[in-house]
Every structure is written in C-alpha cells, then in structure tokens.
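Notes for the structure review
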Amino acid sequence: MNVPLLDLQAQYAPLRDEILAAIARVCDSQRFIMGPEIDALEHELAALLDIRHAIAVSSGTDALLLALMTLDVKAGDEVITTPFSFFATAGCVVRVGARPVLVDIDPQTFNVDPALVAAAINPRTRAIMPVHLFGASADMDEIMAAADRAGIAVIEDAAQAIGATYRSRPVGGIGALGCFSFFPSKNLGAFGDAGLVTTNDDALAAKARLLRTHGMKPKYYHHLVGGNFRMDALQAAVLRVKAPHLDGWTEGRRRNAARYRALFRDAGLEGAIAVPADPADRRHIYNQFVIRTPERDGLKRHLDEQGIGNEIYYPVPFHLQPCFADLGCRPGALPHAERAAVESLAIPIYGELTDAQQRAVVSTIAEFVQRNVGAAR
C-alpha cells in the first residue's frame, strides 16, 4: 500500500465548492491587497486562538521578521533560540543584524532546553525565541520566568503549532509576540505563502500593523521603516473557509497519534523506535509525527522503496550550516540537536489517514526492524 506523507486532496475535496466560491468572491470584488477579507480573517483567527490581536502577514518567515522588527531587535543584539528548527528561525535573527545564540534541545521533546536558555542570557540578550516544534509547545513557564527576570521579550515561533496549548494557554499568546505559518502543508494551510503575528499587547499590535505596510499611515506618510508584509486577500479567503475545520482536523491527527502509539506497542517496536513525547499539560497538534531510531537512514530507504511517505526534519542543525560558520560552533557543541538530526524521521499523520494506512506504515517499519535485529544477531 502506498501511503503519502501528506494528502492535501483528501482535505480539499469536501471543501472545494466553498473554497472556489470564496476565491470568486475576491475576484469579483477586485480587492486583492488588504481590505475586508483580511479584516475578517484577523477577527476570526483572534477569536479562534483566544488571543487579542491577530495580524495577517505574507508568510511565516515574514511573521518572524516582523516580530523582531516590532521589538527593535538590531545589530549588536542577541536572540537565544534553538539549533533544531526550520531555517527561518535563525535566519530572521541574522536578517535584522542580530546574532542567534543557539542552545541545545531537550531530547525528549525536540524543543529548546529552558535551563540552557536561562544560562545563556547576558546583557546583549534582547529576546528569546522558543520554537514549538512539530506541534508541541516548549516549556513556556520556565522560559517566561527567565525572560521576566532579565526584562527581555519572548517571541514564540509557533509556525508548526496553531491550536497547540501549554497548560491550557494557547501558544502564540504566552510571549510578547507569536508567529504562525500557513504554508500549504501546515495544519491550517493556505494556497501559497501566508502567515500571522499574534499578541495580547495593544501597543505591539499597533506597531506591527504599521511596520507591515512600510511604516505608512496615512498613505505615503512613513513613521517607521517597515516592509511589505501584507497577506493577499485570496489567501485570507481560503483560510476563512478552512479555519472553522481546524479543531476537527487537529483531533483527527491526535487520534492518529494515539493509534500509532498502540500499533507500535502491539508490534513490539517500543525498544527500537521512539515515538513523540506527549506531555499531559500540553495539547500536541502533530504538525508532524516524528519517530527516532539510530537506523534512521536505513529505515528511510526501506520506507521509500515500499511507497511509504516520510521526511527528515531537519538533517543539519543551524550551528553546522555553512552560512552560520561565523557563530564558531563545532561538531559536538550541541549534541542533543546533532543526534536528533541523524535519528529523526516524520511519518504520515494527517487527519484523513485511515486505520489501514497506519497499519501499513507500522508493519513496514516492523519489517525493517525485524530484518535488522535478525542481522545483528
């Protein structure tokens, strides 16, 4: 059985008519930049996420960049973050002229280790940027406590975590600012690039909105040097159709995650394959279901051969990327991130995944493990 890593057609088919009608509505209006679709989406997402302000932007990357600019992070500043995430996390820090300070991850959750965050704070630290990786919240109480002691801000990179919670609080609404991505493969995906900045702070929201449109208010009067971070109205219209379904899709992913755990246990794979941590005080939304094994590369080849979708997130941590060589980190400096980079593999988890498809995934993994265990003996 072929099982794709993600099947967007399965999500799209039942919404096709409604989505096409929404797109037609924007085309008929000829309002493609800002306007009523953006205003409505922002209102609806703020309510959905239980966060005071939702600011629609052009991508998840631009959300991070806008958040850093809103906090005036600049050359000479440092931002503490993780080495194990999508490139934009550290890349945006460098783009505003600041220096990313990379600290190792908790090997159980893949998220940044809060004790190491606290230890890395110094007079140059301007912000902390934890990532809620793969859909699970970072340990925000400890991170917020460290930030509060130092009087610095926290930007939540929640690009993969829309709808996730930490101790009943929505991610994106715990720090000063939150950043989300609506890349098509996300749990809530647009039909292209789109993103969101969130905050409960009125002043930060006003500044972010100003910076989103070149610092301009009114037209042609510029108070700050901002950027063009506007979301297209077509993307907003698509997201407005899809957003009411987010909770249902998330619960589908969570049910599939629970089924995977049972299937892995029943197949006797618990000692050979590590499944994602699922802390009781957090709502994991499973943007990815990432397993771990020292035999990752061999397992990936086997899954590829059998038609089972999979993906490596992420094969090279930031401190070993050529573009960050000037940070001065050597191999071995951040061992947990480095180990995660060579052991982690994402398998299908989308809500429309069937029981039969999941059984095919697990049985294919079991075949590989049994073959390798037999060879080792």
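Note that this is a predicted model, so its numbers are computed, not measured.

Right, let's get into the packing of helix H4 (residues 60-70) against helix H5 (residues 88-95). Orientation of H4 relative to H5, taken along the N-to-C sense of each, is 40°, at an axis distance of 9 Å. Judged by the inter-axis angle, H4 sits oblique to H5. Both H4 and H5 take part in a crossing whose hand is right-handed. The segment H4 lies against H5, with Thr61, Leu64, Leu65 and Leu68 engaging Ala88, Thr89, Cys92, Val93 and Arg95. Looking at the contact of H4 with H5 residue by residue, the class counts come to six nonpolar, two polar and one charged.

The next subject is the pattern of salt bridges. Counted under the stated rule, the structure contains 24 salt bridges. Between Glu42 and Arg212 there is a salt bridge, with its nearest N and O atoms 2.8 Å apart. Placement of the pair is Glu42 in helix H3 (residues 36-49) and Arg212 in helix H8 (residues 202-212), with a sequence separation of 170 residues. Across the pair, Arg212 and Glu42 agree in class, each one buried. By sharing partners, the salt bridges in this structure join Asp141, Arg167, Arg169, Asp281 and Arg282 into a single network.

In this section: the nonpolar core. Judged by nonpolar contacts, the single largest core of 35 residues is most densely connected at Leu45, Phe182, Leu188, Met231 and Leu239. If you list the elements that add at least two residues to this core, you get helix H2 (16-29), H3, strand S1 (53-57), helix H9 (233-242) and helix H10 (246-266). The dominant element in this core, judged by the number of residues it contributes, is H9, at six residues. The residues contacting Leu239, other than those within four sequence positions of it, are Leu41, Phe182, Leu188, Gly189, Ala190, Ala194 and Met231. In terms of nonpolar packing, the next biggest core, distinct from the first, is built from 29 residues, Ala98, Met129, Leu211 and Phe229 among them.

As a further point, take the side chain of Arg283. Structurally, the position occupied by Arg283 is in strand S10 (residues 282-283). At 2.9 Å, the side chain of Arg283 forms a polar contact with the side chain of Glu251. In contact with Arg283, other than residues within four places in its own chain, are Gly135, Gly163, Ala164, Thr165, Asp247, Thr250, Glu251 and Arg254.

Residues Ala337, Glu338, Ala340, Ala341 and Glu343 constitute the buried set of helix H12 (residues 335-343). Where H12 is buried, its residues meet strand S11 (289-292), helix H11 (296-305) and strand S12 (344-347).

Here we come to the pairing of strand S5 (residues 153-157). Taken across its five residues, S5 has five buried, putting it largely inside the fold. Neither face of S5 is open: one carries Ala153, Ile155 and Asp157, the other Val154 and Glu156, and all of them are buried. Two elements, strand S4 (residues 125-129) and S5, share two bridges in a ladder whose sense is parallel. Each residue of the ladder has a partner; that of Ala127, found in S5, is Ala153. As paired elements, S5 and strand S8 (residues 177-181) share three bridges and run parallel to each other. Counterpart to Asp157 in the pairing with S8 is Cys179.

Thresholds, definitions, all that
Residues numbered from 1 in each chain as written. Predicted model: local features only at pLDDT ≥ 70, side-chain atom pairs only at ≥ 80, totals over all residues. Heavy atoms only, no water. Axes fitted to C-alpha atoms, helices over the stretch in contact; angles between N-to-C directions. Helix = DSSP H or I, 4+ residues; strand = E, 2+ residues; numbered from the N terminus. Parallel < 35°, antiparallel > 145°, perpendicular 65-115°, else oblique. Left-handed = near helix turned anticlockwise from the far one by under 90°. Contact = heavy atoms within 4.5 Å. Nonpolar A, V, L, I, M, F, W, Y, C, P; charged D, E, K, R; others polar. Salt bridge = Lys/Arg side-chain N within 4 Å of Asp/Glu carboxyl O. Buried < 20%, exposed > 50% of the residue type's maximum accessible area, 1.4 Å probe, protein only. Core = buried A, V, L, I, M, F, W, Y, C linked by side-chain atoms within 4.5 Å. Polar contact = N/O pair within 3.5 Å; in protein donor to acceptor, adjacent residues only side chain to side chain. Pairing = 2+ DSSP bridges.

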